Amino acid sequence: MISDTHIGRTYPPTVPYVVSAAKVAEFATALGDGANPAYAGPDAVAPPTFAVVLSSAAWAAMFDDAELDLSLSRTVHTDQRFAWQRPLRVGDEVTATLSIEKVRVRGTSAFITISVALDASGDRLCDATSTLLHTWPAKDLA
Amino acid sequence: MTTTSGNESPSVHPAAEVGDVLPGFSTHVTRATLVHYAGASADFNPIHWSDRAARDLGLPGVIAHGMLTMGTALRVVTDWCGDPARVLSYYVRFTKPVTVDDTDEGATVTFAGTIIKVADGVATVSIEALFNDTKVLGAATAEVRL
């Protein structure tokens, strides 16, 4: 089970993800912002919160870590921060690297703060920090 | 998703003062909106499309993705400044779920913003998101380069 001994644990980067014009357009449209010219054309940037597509892909490594005993389906996202060095752009080949920053276990619940670094060609694009509330079924802890 | 206002043509706002109120807008979030966002974001958590899965977690029914609300709310800022590349940081707490009934109208969420700080060429915008007169985002703030 996850505990404060796991603070600082970092997982290998995700397989590189290439940001495509089609995915940027699809994401902008899903936010009701498909007509925004910033998200189209040769100089297109991605909507800022597109970063979550990359950062959440890195969550799998933590949920697959059997030692932590976590399940995505028992997890609630309680807060989210993004800090961008520059916008994500079409053509960026992005990796996401997850680190466990904080763990606070209380009874059958844990507040877990994770930080995901998004990098392209060695440059930091964005740091995405999330607090997750995980709850174990009470019977598992009996 | 239908939008009743917002998404005006881009323009630059080099002048920003504390207390300035940014144009807001409302959206109707329907089950179709959620399906579309699930595909676009690759977030296929069943609580966003299955009433059965949502109720198993103690929710009244299907809820919107928090990140959909977070992403939509930022349009208050990007519509105002005209350039999403100016957004430096963005934080929200997910305080209340947006439940989305399987109706044509879905859930109506209303967004607004106010400039709360201007310093060193950066404006900090406080964003409000209301659903059924209740705030669904807490402490939502974005920093924008002027």
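Residues numbered from 1 in each chain as written. Chains lettered and ligands numbered in written order. Predicted model: local features only at pLDDT ≥ 70, side-chain atom pairs only at ≥ 80, totals over all residues. Heavy atoms only, no water.

## Section: helix H1 (residues 21-30) of chain A
Logical step 1: Here H1(A) has its buried residues at Lys23(A), Val24(A), Phe27(A), Ala28(A) and Ala30(A). For H1(A), the arc enclosing every buried residue in end-on projection is 160 degrees, short of the 170-degree limit, so these residues lie on one face.
Logical step 2: Of the surrounding secondary structure, the elements contacted by the buried residues of H1(A) are strand S1 (17-18) and helix H2 (51-57) of chain A together with helix H1 (31-41) and helix H3 (66-73) of chain B.
Logical step 3: Positioned one or two residues after H1(A), Gly32(A) has a phi angle of 75 degrees, which is positive. (Buried < 20%, exposed > 50% of the residue type's maximum accessible area, 1.4 Å probe, protein only. Helix = DSSP H or I, 4+ residues; strand = E, 2+ residues; numbered from the N terminus. Arc of directions from axis to C-beta. Contact = heavy atoms within 4.5 Å.)

## What to know about the confidence of the model for chain B
Residue and element names in this part refer to chain B.
Logical step 1: The predicted model of chain B has a mean per-residue pLDDT of 91, with 90% of residues at 70 or higher.
Logical step 2: Segment residues 1-11 is flagged for pLDDT under 50; beyond a separation of four residues in sequence, or across chains, it makes 33 contacts in the model.
Logical step 3: Scored as a whole, the predicted complex attains pTM 0.91, and scored at its interfaces, ipTM 0.94. (pLDDT = per-residue confidence, 0-100.)

## Observations regarding the interface of chain A and chain B
Logical step 1: In this assembly, 28 residues from chain A lie in contact with 30 residues from chain B.
Logical step 2: Both sides together, the interface formed by chain A and chain B hides about 2,500 Å², and carbon and sulfur atoms give 62% of it.
Logical step 3: Looking only at chain A, the three residues that lose the most surface to chain B are Ala30(A), Leu31(A) and Trp84(A), adding up to 21% of its buried area.
Logical step 4: Here chain A and chain B share zero salt bridges between them.
Logical step 5: Where chain A packs against chain B, one counts eight residue pairs in polar contact (both at pLDDT 80 or more).
Logical step 6: Among the elements of the structure, H1, H2 and strand S2 (75-84) of chain A are those that each provide at least two residues to the side of chain A that touches chain B.
Logical step 7: Classifying every residue of the side of chain A that touches chain B by side-chain character gives 15 nonpolar, eight polar and five charged.
Logical step 8: Relative to strand S3 (residues 87-94) of chain B, S2(A) is paired through five bridges, and the arrangement is antiparallel. Bridge assignment links Ala83(A) to a residue of S3(B), and that residue is Ser89(B). (Buried area = accessible area lost by both parts, 1.4 Å probe. Salt bridge = Lys/Arg side-chain N within 4 Å of Asp/Glu carboxyl O. Polar contact = N/O pair within 3.5 Å; in protein donor to acceptor, adjacent residues only side chain to side chain. Nonpolar A, V, L, I, M, F, W, Y, C, P; charged D, E, K, R; others polar. Pairing = 2+ DSSP bridges.)

## Examining the side chain of Asp119(A)
Residues and elements named next belong to chain A.
Logical step 1: You can see Asp119 is positioned in strand S4 (residues 109-120).
Logical step 2: Side chain to side chain, Asp119 and Arg124 meet in a polar contact 2.7 Å long.
Logical step 3: When neighbours within four sequence positions are excluded, Asp119 is seen to be in contact with Glu93, Val94, Thr95, Arg124 and Leu125.

## Observations concerning unusual backbone geometry
Residue and element names in this part refer to chain B.
Logical step 1: Unlike most non-glycine residues, Asp120 shows phi in positive territory, near 55 degrees.
Logical step 2: Summarising the element assignment, Asp120 is placed in the loop between strand S4 (107-119) and strand S5 (122-131).
Logical step 3: The backbone of Ala139 shows a phi angle near 55 degrees, a positive value even though the residue is not glycine.
Logical step 4: Assignment of secondary structure puts Ala139 in strand S7 (residues 137-145).

## Some thoughts on the packing of aromatic side chains
Logical step 1: What the rule picks out here adds up to four aromatic pairs over all chains.
Logical step 2: Ring centres 5.3 Å apart and planes at 85 degrees place the aromatic pair Phe27(A) and Phe50(A) in the edge-to-face group. Linking Phe27(A) in helix H1 with Phe50(A) in the loop between H1 and H2, this pair joins segments that are 23 residues apart in sequence.
Logical step 3: Using a relative accessible area of 0% as the deciding quantity, one classes Phe50(A) as buried.
Logical step 4: Residues Phe82(A) and Trp84(A) carry aromatic rings whose centres are separated by 5.3 Å and whose planes lie at 25 degrees to one another, so their mutual orientation is stacked.
Logical step 5: Judged by its relative accessible area of 0%, Phe82(A) is buried.
Logical step 6: Overall, the relative accessible area of 7% leaves Trp84(A) in the buried class.
Logical step 7: An aromatic cluster of at least three residues, connected via ring pairs, comprises Phe27(A), Phe50(A) and Tyr37(B). (Phe/Tyr/Trp six-rings, centres within 6.5 Å; stacked < 30°, edge-to-face > 60°.)

## What to know about the packing of H1(A) against H1(B)
A pair of packed helices can be characterised by two numbers: the angle between their axes and the separation between those axes.
Logical step 1: Axis separation between H1(A) and H1(B) bottoms out at 9 Å; the angle between their running directions is 150 degrees. One element, H1(A), and the other, H1(B), form an angle in the roughly antiparallel class. Considering the relative orientation of H1(A) and H1(B), their crossing is left-handed. Every residue of H1(B) that contacts H1(A) at Lys23(A), Glu26(A), Phe27(A), Thr29(A) and Ala30(A) is listed here: Thr33(B), His36(B), Tyr37(B), Gly39(B), Ala40(B) and Ser41(B). (Axes fitted to C-alpha atoms, helices over the stretch in contact; angles between N-to-C directions. Parallel < 35°, antiparallel > 145°, perpendicular 65-115°, else oblique. Left-handed = near helix turned anticlockwise from the far one by under 90°.)

## Concerning the pattern of salt bridges
Logical step 1: Overall, the coordinates contain eight salt bridges over all chains when judged by the stated rule.
Logical step 2: The residue Arg31(B) makes a salt bridge to Asp51(B) at a minimum N-O spacing of 3.1 Å. With Arg31(B) in helix H1 and Asp51(B) in helix H2 (residues 51-56), the pair connects residues that are 20 residues apart, well separated along the chain.
Logical step 3: Since its relative accessible area comes to 18%, Arg31(B) is described here as buried.
Logical step 4: A salt bridge links Glu128(B) to Lys135(B), with the nearest nitrogen and oxygen atoms 3.8 Å apart.
Logical step 5: You can call Glu128(B) partly exposed: its relative accessible area is 32%.
Logical step 6: Relative accessible area serves as the criterion here: at 48%, Lys135(B) is assigned to the partly exposed category.
Logical step 7: What you see here is one network of salt bridges that share partners, running through Arg9(A), Asp65(A) and Glu67(A).

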